[in-house]
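Structural features, examined
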Amino acid sequence: MIHVEHLRKTFTTRTGRFLSAGRRTHEAVRDVSFHIPRGEIVGYLGPNGAGKSTTVKILTGLLVPDSGAVTVGGLTPWQDRRRHVARLGAVFGQRTTLWWDLPVIESLRLLRHVYRIPHARWQENLDTFTDLLDLRPFLHTPARALSLGQRMRADLAAALLHDPELLFLDEPTVGLDVVAKDRIRDFIAHINREYEVTVLLTTHDLGDVERLARRVLIIDHGQLLFDGDLGRLQAAYGSQRELHVDFEAPVEQADVPGLTLLSHEPGRATYAFTGAAADPIARVTAHAPVRDLTVREPDIEATIRRIYEGDLLRAGVR
Ligand SMILES: Nc1ncnc2c1ncn2[C@@H]1O[C@H](COP(=O)(O)OP(=O)(O)OP(=O)(O)O)[C@@H](O)[C@H]1O
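The structure presented is a predicted model; accordingly, all values stated were derived computationally and were not measured.

**Brief notes about the overall build of the chain**
Broken down by element type, the chain carries 11 helices and 13 strands. Considered along the principal axes of its C-alpha atoms, the chain spans approximately 70 × 55 × 45 Å. Taking all 318 residues of the chain together, 34% fall into the buried category. Within the chain, contacts between residues at least 6 apart in sequence are counted, and of these 68% link residues at least 24 apart.

**Description of the domain arrangement of the chain**
Often, the extent of an interface is quoted as the loss of accessible area upon association of its parts. On domain assignment, one finds that the chain holds domain 1 (2–235) and domain 2 (239–297). The straight-line distance from the C-alpha centre of domain 1 to that of domain 2 is 39 Å.

**Some points on the nonpolar core**
Membership of the largest hydrophobic core comes to 62 residues, with the highest contact counts inside it found for Val-42, Ala-157, Leu-201 and Val-216. Of all the elements, helix H5 (residues 148–160) adds the most residues to this core, at 7 residues. The contact partners of Ala-157, leaving out residues within four places of it in the chain, are Leu-108, Phe-129, Leu-133 and Leu-135.

**Let's talk about the sheet that holds strand E1 (residues 2–15)**
Spatial ordering of the open sheet is given by E2-E1-E4, a layout of 3 strands whose pairing is antiparallel. Across the chains shown, the open sheet's two edge strands, defined by having one partner strand only, are strand E2 (22–36) and strand E4 (67–72). Each strand axis lies, on average, 30 degrees off the axis of its neighbour in the sheet, ignoring direction. Alignment of E1 against E2, held across 11 bridges, turns out to be antiparallel. Directly across from His-3, in E2, lies its bridge partner His-35.

**Description of the sheet that holds strand E9 (residues 223–229)**
Strands sit in the order E5-E6-E7-E3-E8-E9 across an open sheet of 6 strands; the sheet is mixed. The open sheet has two edge strands with one neighbour each: strand E5 (88–92) and E9. Shown here is a sheet whose adjacent strand axes are inclined to one another by a mean of 15 degrees, direction ignored. With 4 bridges connecting them, strand E3 (residues 41–45) and strand E8 (residues 215–220) associate as parallel partners. From the neighbouring strand, Gly-43 faces E8, where its bridge partner is Val-216.

**Some remarks on the site of the ligand**
The full set of residues close to the ligand is Phe-11, Thr-13, His-26, Ala-28, Gly-46, Asn-48, Gly-49, Ala-50, Gly-51, Lys-52, Ser-53 and Thr-54. Looking at the shell around the ligand, the elements with two or more residues in it are E1, E2 and helix H1 (52–60). The dominant element in the shell around the ligand, judged by the number of residues it contributes, is H1, at 3 residues. Taken together, the residues that form the shell around the ligand break down as 3 nonpolar, 8 polar and 1 charged.

**Let's talk about the pairing of strand E13 (residues 290–296)**
Within E13, only 0 of the 7 residues are buried, which leaves the element largely exposed. Here strand E10 (residues 240–247) runs beside E13; their pairing, made up of 6 bridges, is antiparallel. Counted as the bridge partner of Leu-243 is Val-295 from E13.

**Focus on the pairing of E10**
By the bridge criterion, 7 bridges tie E10 to strand E12 (residues 268–274) in an arrangement that is antiparallel. Residue pairing across strands places Asp-246 opposite Arg-268, the latter belonging to E12.

**What to know about unusual backbone geometry**
You will see that His-6, though not glycine, has its phi angle at about 50 degrees, which is positive. Along the chain, the position of His-6 falls in strand E1. At Asp-31, a residue that is not glycine, the phi angle is positive and equals roughly 55 degrees. Take Asp-31: it is sitting in strand E2. Among the residues examined, Asp-31 registers 14 C-beta atoms within 10 Å and is labelled partly exposed.

So, how was this worked out
Going along each chain's sequence as written, the residues are numbered from 1 onward. In keeping with the model being predicted, local features are shown solely for residues with a pLDDT of at least 70 and side-chain atom pairs are shown and tallied solely at 80 or more, while totals for entire chains, interfaces and linings include all residues. We count a stretch as a helix when DSSP gives it H or I for four or more residues in a row; a strand needs E for two or more, and each element gets its number in order from the N terminus. Three exposure classes are used, all based on how many other C-beta atoms lie within 10 Å of a residue's own C-beta (placed from the backbone): buried at 20 or more, exposed at 12 or fewer, and partly exposed between those limits. By definition, residue pairs are in contact when their C-beta atoms, positioned from the backbone, come within 7 Å. In this entry, domain limits derive from an automatic or database-based domain assignment. Core membership is restricted to buried Ala, Val, Leu, Ile, Met, Phe, Trp, Tyr and Cys residues, and these are joined into a nonpolar core through C-beta atoms within 7 Å. Strands are treated as partners if at least two bridges between them are detected by DSSP. Fitted lines through C-alpha atoms serve as axes, helices being fitted only where they are in contact, and the angles separating the N-to-C directions of these axes extend from 0 to 180 degrees. The criterion for a residue being near a molecule or strand is simple: its C-beta atom, placed using the backbone, must lie within 6 Å of it. Residues are sorted three ways: Asp, Glu, Lys and Arg are charged, Ala, Val, Leu, Ile, Met, Phe, Trp, Tyr, Cys and Pro are nonpolar, and all the rest, Gly among them, are polar.

What follows is the structure in structure tokens.
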């Protein structure tokens, strides 16, 4: 479905003014290659500025790369833009594609015309998504008056009315509570299963990835660092957990044998450990009286950092 070969994109920006004016070239994407078969959900991950949006903009046809070959369903996005766009949908957690002042249903009607969807097909999809996403209570509410969770549900319906083969999701659950996140994730899994929609998911939320994607691509500084199974990634890099401890009173010496001290300020310390939490908790509580403690799973950003710092290529995991 998606074929990307040796993709490269640089941006040139101006620096300084007048006599000191110059140009700086920045390689946002360097030599990235990957293939995604139809019907797969792939998590596209990386820290801020890694090159994710640039790749997605090229895949949607918004940007033209400097070099490399890209085909999506046999089309070159920036050359066959109209045909390409008709086959894809996109949802951005940070902004809506709905008309702000219009009731949701009016936006969905307008999209029928934009994409020239046959009326019967549009109605069928609208009914299906209204049920699956429980849109009925706010179909007649303007987009600006929706809660974030409602807006995301309406945006998902809007992106899928024209039966796209490929869906780009950018932070689809950002800012949502646990229940709303679950609902969105269940829906995405459903449409992937039932309609065989291929999904490229960019997110900083490991929960989205764990629930939806078996495969992840990790990019940093424009280079692809990892392409493979999420299980393999987590086994290799995601096993380090954090223990955050509030002591009853400030402790002068926070080092605890067997644990790695990550940070320490009076009365508070953070440790890294692997495996079960019982032993580290016992060690810390034996060290000094504890008021409160929490165990945190590594977030995706931290895992990605560790991959980068640990030099994935040398570790031979790729
Ligand atoms: N239009 C542009 N002009 C100049 N530089 C740009 C432009 N767009 C992106 N960049 C630079 O290219 C690099 C990659 O940016 P990109 O937006 O692809 O990252 P990202 O992985 O999507 O980050 P984020 O998670 O913050 O959205 C960054 O260093 C960014 O500053």
